[in-house]
Amino acid sequence: EPSRNLLGNAHAVVAKLQQDEPFLSALLSSLRHHARGGDGAALLQLWSLVRELTALASGLHPIERARVYRRLTSLGLLAAARSTLGAASAPAGAHVRCCDVLSAVCSHDPSLLRSDEVAQLKAGPPEAGLPPAPEQAAAASQADASHLPDASGGTAAPPPPAAAASTSQLLAARLCDTADEGVARQAAELLGALLDPSSMEEAEAPFLAAAYAPGGCVSSLILHLGHLARAGPAPEAAQLPHSPLPAAAAAPVLLELLASLLGAHGERGLLVATSPQLWRSLSGLLEQPGRVLRCSVARFVRVLLAEAAEAAHADGVAPLVGRLVCLVAADRGGGGGVRDSLANSAVLSLLDSLLAASSEPGARHSALLSHLASDQRSELESLAAEAIAPADALLRAHASPVPPPSLLGARGGAAGSEPEAAGALRRGPSLLRDSLEIDGGGTAPFLRAMQQARRHAEPTTGGIEKLCLA
């Protein structure tokens, strides 16, 4: 009975407010006014009121809830949200409550937000920071990745949101420059829901094209990642009333969001995933202090290579994975250092996933693993000596079945001396066993030993016969 009464009260309150259009219009107009430089406390209270309204609507029937959100969006709710998100001087609590309201709208129907951005795309001028047409947006997103950051240098900063910036652009800006990790998490969740292709209709394709275009939300996130890699604040950070989140707090949120997006957006995501600038930015993050960034980078690489295997051929991928292996080996220090940590486990999980993919049909990542086994052999051997299974499996999978120099001679294939050939006869059984284990059944070392033995051994000794029987 109490629950039924509460639901009835919520229905009555929401129905009354829906009918009072002047009140809702005045409420949303006040939100826009205070966001442009009014009273921060009043802005906070007004967003709290709107959040309570969406909380009441959440228990209604979906059809009735749809009426509530249609009325709010038609009266300018999303415009008020853009005004608040674009106000860097607004209190953090206002950003939190604004994101709460947008989350409620997105949970009901993310198409409300996307369609609003598509309408803004078609009506907005080019100088507003958005592409003027879907065709131009798609061409810009697929042309090249030149708008991505270069972690090794450069001064380009994530551009501040334009006055007519879209909701997704403003969410990306809040994720990058907020001092509140809670706001960053909220913005990342909203962007993930908005960019989720599984709930995207065909008419909303321009929204995705604009997200990957220069100045879009995805390219803004990549630009900010480059600044985190350089450990230098963006030039506009001095204009903010707070310090942005440090790399150890901001990078994990960014990388989780990008990992969920890039593998799901086809050619657009692959264009970013194979960009050398992205991988240089990731390498730059590994130079920052702390193991949190190493763990986040390793997880990002594992997810991205699993979703977009073509990214393994991008410049900078092999050196990055090799650097991760070197850091784990240095951490453990031959068994005397840090034996287990989340960061080291993330790197070993990455090696496991690469090995598993290389054993599947098509042998994905085999070139990357060969590079690791060659360039980081000493680090892998030190890890294998401590019974680290992925390192041992990688070394076994890429072991070179080359016979000992004594059998091949000093110049790789020349016949050895008579004492060496006699030794080869005595080692015949072990050579055959080793060749079977290392070469998967191949007998190249064994046959070479027989050829050399035949040159020096006398037939009457029976040595060759014994070797064949063995």
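Conventions and cut-offs
Residues numbered from 1 in each chain as written. Predicted model: local features only at pLDDT ≥ 70, side-chain atom pairs only at ≥ 80, totals over all residues. Heavy atoms only, no water. Salt bridge = Lys/Arg side-chain N within 4 Å of Asp/Glu carboxyl O. Helix = DSSP H or I, 4+ residues; strand = E, 2+ residues; numbered from the N terminus. Buried < 20%, exposed > 50% of the residue type's maximum accessible area, 1.4 Å probe, protein only. Lys, Arg positive; Asp, Glu negative; His and termini not counted. Polar contact = N/O pair within 3.5 Å; in protein donor to acceptor, adjacent residues only side chain to side chain. Contact = heavy atoms within 4.5 Å. pLDDT = per-residue confidence, 0-100. Core = buried A, V, L, I, M, F, W, Y, C linked by side-chain atoms within 4.5 Å.

## Thoughts on the pattern of salt bridges
Link 1 in the chain: Going through the model one piece at a time under the given rule, you end up with nine salt bridges.
Link 2 in the chain: Its salt-bridge partner being arginine 71, residue glutamate 21 comes within 3.9 Å of it at the nearest N-O pair. With glutamate 21 in helix α2 (residues 21–35) and arginine 71 in helix α4 (residues 62–74), the pair connects residues that are 50 residues apart, well separated along the chain.
Link 3 in the chain: For glutamate 21, a relative accessible area of 38% translates into the label partly exposed.
Link 4 in the chain: The salt bridge involving arginine 323 is made with glutamate 287; its shortest N-O contact spans 3.6 Å. Of the two residues, arginine 323 is situated in helix α17 (residues 317–332) and glutamate 287 in the loop between α15 (276–286) and α16 (291–307); the sequence distance between them amounts to 36 residues.

## With respect to the side chain of glutamate 117
Link 1 in the chain: Within the secondary structure, glutamate 117 is located in helix α7 (residues 111–123).
Link 2 in the chain: Buried charge glutamate 117 goes without a salt bridge, the closest partner of opposite sign being arginine 82 at 6.9 Å.
Link 3 in the chain: Polar side-chain contacts of glutamate 117 include one of 3.3 Å to the side chain of serine 166.

## A look at the environment of leucine 46
Link 1 in the chain: As for its position among the elements, leucine 46 is in helix α3 (residues 40–57).
Link 2 in the chain: In the structure, leucine 46 is positioned 48 residues away from alanine 94 in sequence and 8.8 Å away in space, judged by C-alpha atoms.
Link 3 in the chain: Ignoring sequence-local partners within four residues, the contact set of leucine 46 consists of Leu27, Ser30, Leu31 and His34.

## Here we look at the confidence of the model for the protein chain
Link 1 in the chain: Of all residues in the protein chain, 69% have pLDDT values of 70 or greater, and the mean over the chain is 74.
Link 2 in the chain: This stretch, residues 231–242, has a pLDDT under 50; its non-local contacts, to residues over four places away or in other chains, come to 19 contacts.
Link 3 in the chain: Below a pLDDT of 50 lies the segment residues 401–422, which in the model reaches 29 contacts outside its immediate sequence neighbourhood of four places, other chains included.

## Some remarks on the nonpolar core
Link 1 in the chain: Judged by nonpolar contacts, the single largest core of 117 residues is most densely connected at Trp47, Leu221, Trp279, Leu282, Leu285, Phe300 and Val301.
Link 2 in the chain: Ignoring any residue separated from it by four or fewer positions in sequence, one finds leucine 285 in contact with Leu225, Leu228, Ala229, Ala251, Leu255, Leu293 and Val297.

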